[in-house]
Amino acid sequence: MPQEEKSEATVTERPNPERSDERYDAQRVETKWFERWRQNAALYAAEPDSTKKKYYVLEMLPYPSGALHMGHVRNYAIGDALARYMWMNGYNVLHPMGWDSFGLPAENAAIQNNTPPRQWTLRNIANMKAQMNRLGFAYDWSREVTTCLPEYYRWNQWFFLKLFERGLAYRKKSKVNWCPKCATVLANEQVVNGCCWRHEDTVVEQRELEQWFVRTTKYADELLSGLDKLEGWPEKVRTMQRNWIGRSEGTLVDFKLVGPSGPGGSTISVFTTRVDTIFGATSVQLAPEHPIVKDLVAANADLRVKVEQLIAEQRKAKEAGDIGEIEKHGVPTGRYATNPFNGEKVPVWVANYILMDYGTGAIMSVPAHDERDYEFAKKYKLEIRIVVLPRSDDPEETVAEPPLPFVTHDGLLINSGPYNNLSCDDAIQKMSADAEKNGFGKATVTYRLKDWGISRQRYWGTPIPMLYCEKDGMVPVPEKDLPVILPENVDITLTGGSPLGRVPEFVNATCPKCGGPARRETDTMDTFVDSSWYFYRYTDARNDRAPFDGKIAQYWFPIDQYIGGVEHAILHLIYSRFWTKFMRDLGMITNDEPAVRLFTQGMVIKSGAKMSKSLGNVVSPDEMVARYGADAARLYSLFAAPPDRDLDWQDSGIEGIQRFLGRVYRFVVRNNSALAASSGTLQAATLEATSLHPAARAIQRKLHQTIKRVSDDFQGRWHFNTCISAIMELVNVLYGAEEALAQNAVPKPFLAEVERNLVLLLAPFAPYVAHELWEMLGEKGNLLKAPWPKYDAALAKEEEIEIPVQINGKLRSRIVVSADATEETVLERVLEDEKVRTAIAGKQIVKRFYVPGKLVNIVVK
């Protein structure tokens, strides 16, 4: 039974029939407050030049797709609840909103709808903004940014010029990721399992094009080390970034190709973290797309066919997302390369598991000491030579052959010439130094992180502010000439190259150096440029002299709480961290990181899949608002699951929430007619327990426990579902005391204060009904800024019990909960227990049993 339905069923209400004035009409109430809020443009505005402590809460910049779905509502409801809570705690809150409005989806949608991208995008923005306002989200719209407007993208261009001045933006011919369906270049981070991040069924191709890059690798070490300071970020996100940056310390070693060479050169550079094993290298293996392979297949048709097969196997593995598990195949080239440490000639192979975009695209194969190399060598009967043995105090054990492959850093070298008997670590240092001394290698650090390719051959994006002059070459557009305006009325239906290249009035320009004719760059910027710094613009959104005022930004930054999906862990969040460090080095800001805390919310699932327009399983908030009200839609999105976990959408759940809101409203209406004026504090609700009727004492205890639980959840766990559950429990206690209320056993001032604080507790989650009840209780002040209630620690102390938790009948853990915790709260706490989560990982929960106060048993398979 859903929690909210069960809560309602456990209460016996007064027998008198419901009066019409007790029925909660969500549409009437929400329309009333919507109009009031709409007329007060400054209602949610952050205070300028405030001496208050600041709080900057932000949800990730949305793309204006045309309409919100309940997945969006969940994300924004989390941030909105937090913003309202911080306002009530006396903070100067910045809670802005804007639009990530450039990009390929808008261009494709415009083509499909035969509507110019700008018109299509701005119409969508107006629609989504209206939805957000109707849902009651408390945004400071005076700071709204729209990235497709010149007043914003002008500063994208300004930043590009600063990057170019410092050598951090550069142009080169490079192999790039090309999505045939998008007809544009993708950054490495936009390739997922070999496919386009927006078209999961489209394999990304490799093409060689002249492209613009941003040198993100210059900040690789700082991007990596900075993760250790981001303690308020999920460990999962930090781990994903560490893996993507992929720092490896090792040695670069040059093997010389024996015999003639072609344009690809005669040097095969390999990067290895275990140069101590190089005397055990029995082959060199190249990626199928290595430049030297191109030379070798040019004169060998049979080899070319075999290499093309390897390329096809790689592509298929990438498409399936299992390149790491590819069945390893290779072909010998018939050529050899010289190991510079011992002069030995080793065969050169081409292998399908070697990737050109990882390391140097070549490896030295040491099968005795690497699992992949061992598997390959056994398959093709290549020599396996042991060059490291385990350490031991027993000389006989030291020379004994270990099982292969033997992989360790704690060993001694053998069969390694002058390096015999060195430890692995000592050998790595000495061999790296010798390689550099003799000119065939050096100790080095490599990164998986590559420079960010920002060129896009599409129309709907920021024009790159560069010119090409026959006399002066590549020339940046002067700052005074910014913005370079994106022209309108461009035919974007034709394929082949950037649409801007077919607009003479855009392409043809004058060189600012010589005054002669020049040609504009026709590529546009990757839209992740837009979202790398937008949160700084929010602090000073109307500045026409600079991207923002540094002093204003210094007050607000870093962001106190950033909220968004884990799918942005690499793409957006690495780029935004890079941009912050770059702006710091420009002297614009003083902070090193954009956000102190990051929260990644779970997805909303419908019909077994993530709610998305492409899958056709969206639940429209407009429909939910029309049927149940905005408060019910918001409250259900927060109540149905902890915000960091996926929510399985159920229409019956939002119906239960609607009934709960009706019960709150009904109670206040029934018990409000003769209430004394509120004192504005909890004084009346903290009367000596001995002076209160038992029903009032129960209310008093539950009220203070609820304030504590909700306050603690806002400060720490963010399990808003348990916050709302606690408020439901309080409402149950109030209904349970109605007989005492009818007999005037509960003092009126006491009840007035309890109801007042009930409304305060509900306000961050359901603002419409909270404002209506606040006014009904005779309050004149602004609920948004009303002080958050305080609790008495002694009254909030809960009687606790310990409950054993079994999984399939076996004791796995014990949890401590309040003695009067509901079944839903107990089961929720059980699923939060680390031992329980570990025990059920990867298993399906079949049933859950709770013997009140005694035992929980979970059946899994």
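Preceding block: the structure.
Residues numbered from 1 in each chain as written. Predicted model: local features only at pLDDT ≥ 70, side-chain atom pairs only at ≥ 80, totals over all residues. Heavy atoms only, no water.

Participant: Teacher, can you tell me more about the overall build of the protein chain here?
Facilitator: Within the protein chain, the regular secondary structure consists of 28 helices and 32 strands. Projecting the C-alpha coordinates of the protein chain onto the three principal axes gives extents of approximately 105 × 80 × 45 Å. Across the protein chain, contacts joining residues at least 24 apart in sequence account for 73% of those joining residues at least 6 apart. Here the protein chain has roughly 36900 Å² of accessible surface; of this, 49% comes from carbon and sulfur atoms. Distance from the positive charge centre (106 side chains) to the negative charge centre (111 side chains) of the protein chain: 2 Å. (Helix = DSSP H or I, 4+ residues; strand = E, 2+ residues; numbered from the N terminus. Contact = heavy atoms within 4.5 Å. Areas by Shrake-Rupley, 256 points an atom, 1.4 Å probe, with all protein chains shown as cover. Lys, Arg positive; Asp, Glu negative; His and termini not counted. Charge placed at Lys NZ, Arg CZ, Asp CG, Glu CD.)

Participant: Quick question: what am I supposed to make of the sheet that holds strand β1 (residues 54-59) here?
Facilitator: Each strand in a sheet pairs with its neighbour through backbone hydrogen bonds, running either in the same direction (parallel) or in the opposite one (antiparallel). Strand order in the open sheet formed by 4 strands is β2-β1-β24-β25, with parallel pairing between adjacent strands. In this open sheet, the two strands that pair with only one neighbour each are β2 (92-94) and β25 (598-600). On average, each strand axis in the sheet is inclined to that of its neighbour by 15 degrees, with strand direction left out of account. Packed on one face of the sheet, helix α3 (residues 70-88) meets β1, β2, β24 (561-564) and β25 and runs near 170 degrees to β1. (Pairing = 2+ DSSP bridges. Axes fitted to C-alpha atoms, helices over the stretch in contact; angles between N-to-C directions.)

Participant: Can you help me understand the pairing of strand β10 (residues 283-286) in this one?
Facilitator: Side-chain direction in a regular strand flips from residue to residue, so the side chains alternate between the two faces of the sheet. The alternating pattern of β10 places Ser283 and Gln285 and Val284 and Leu286 on opposite faces, both of which are buried. By the bridge criterion, 4 bridges tie β10 to strand β13 (residues 362-365) in an arrangement that is antiparallel. Each residue of the ladder has a partner; that of Val284, found in β13, is Met364. Taken together, the 3 bridges between β10 and strand β12 (residues 345-351) define a ladder with parallel strand orientation. (Buried < 20%, exposed > 50% of the residue type's maximum accessible area, 1.4 Å probe, protein only.)

Participant: Can you help me understand the sheet that holds strand β22 (residues 517-520) in this one?
Facilitator: As summarised here, the arrangement of the 4 strands in space is β20-β19-β22-β21, forming an open sheet in which the pairing is antiparallel. Two strands lie at the open edges of the sheet, namely β20 (473-476) and β21 (508-510), each paired on one side alone. Each strand axis lies, on average, 40 degrees off the axis of its neighbour in the sheet, ignoring direction. Bridge analysis of β21 against β22 gives 3 bridges, and the strand direction is antiparallel. Paired with Thr510 across the bridge in β22 is Pro517.

Participant: Teacher, can you tell me more about the nonpolar core here?
Facilitator: What tends to happen in soluble globular proteins is that the nonpolar side chains get buried as a cluster. If you look at the biggest cluster of nonpolar residues, it comprises 103 residues, and the most contacted ones within it are Met132, Trp649, Phe660, Leu661, Phe714 and Phe765. Here the element with the most residues in this core is α3; it accounts for 12 residues. Listed in part, the 89 residues of the second largest apolar core include Leu227, Ala509, Phe548 and Ala595. (Core = buried A, V, L, I, M, F, W, Y, C linked by side-chain atoms within 4.5 Å.)

Participant: Can you help me understand the pairing of strand β7 (residues 205-214) in this one?
Facilitator: As judged from the 10 bridges shared by strand β3 (residues 169-179) and β7, these two strands associate in the antiparallel manner. In the sheet register, Arg171 faces β7, and the bridge partner there is Trp212. Judged from the 2 bridges that link them, β7 and strand β17 (residues 452-453) form a sheet pairing that is antiparallel. Looking at β17, one finds that Phe213 is bridged to Gly453.

Participant: Please explain the environment of Arg391 as it appears in this structure.
Facilitator: Inspection of the secondary structure puts Arg391 in the loop between β14 (388-390) and α12 (395-399). Here Arg391 falls in the partly exposed class, since its relative accessible area comes to 46%. Residues in contact with Arg391, not counting those within four places in the same chain, are Asp410, Gly411, Leu412 and Ser423.

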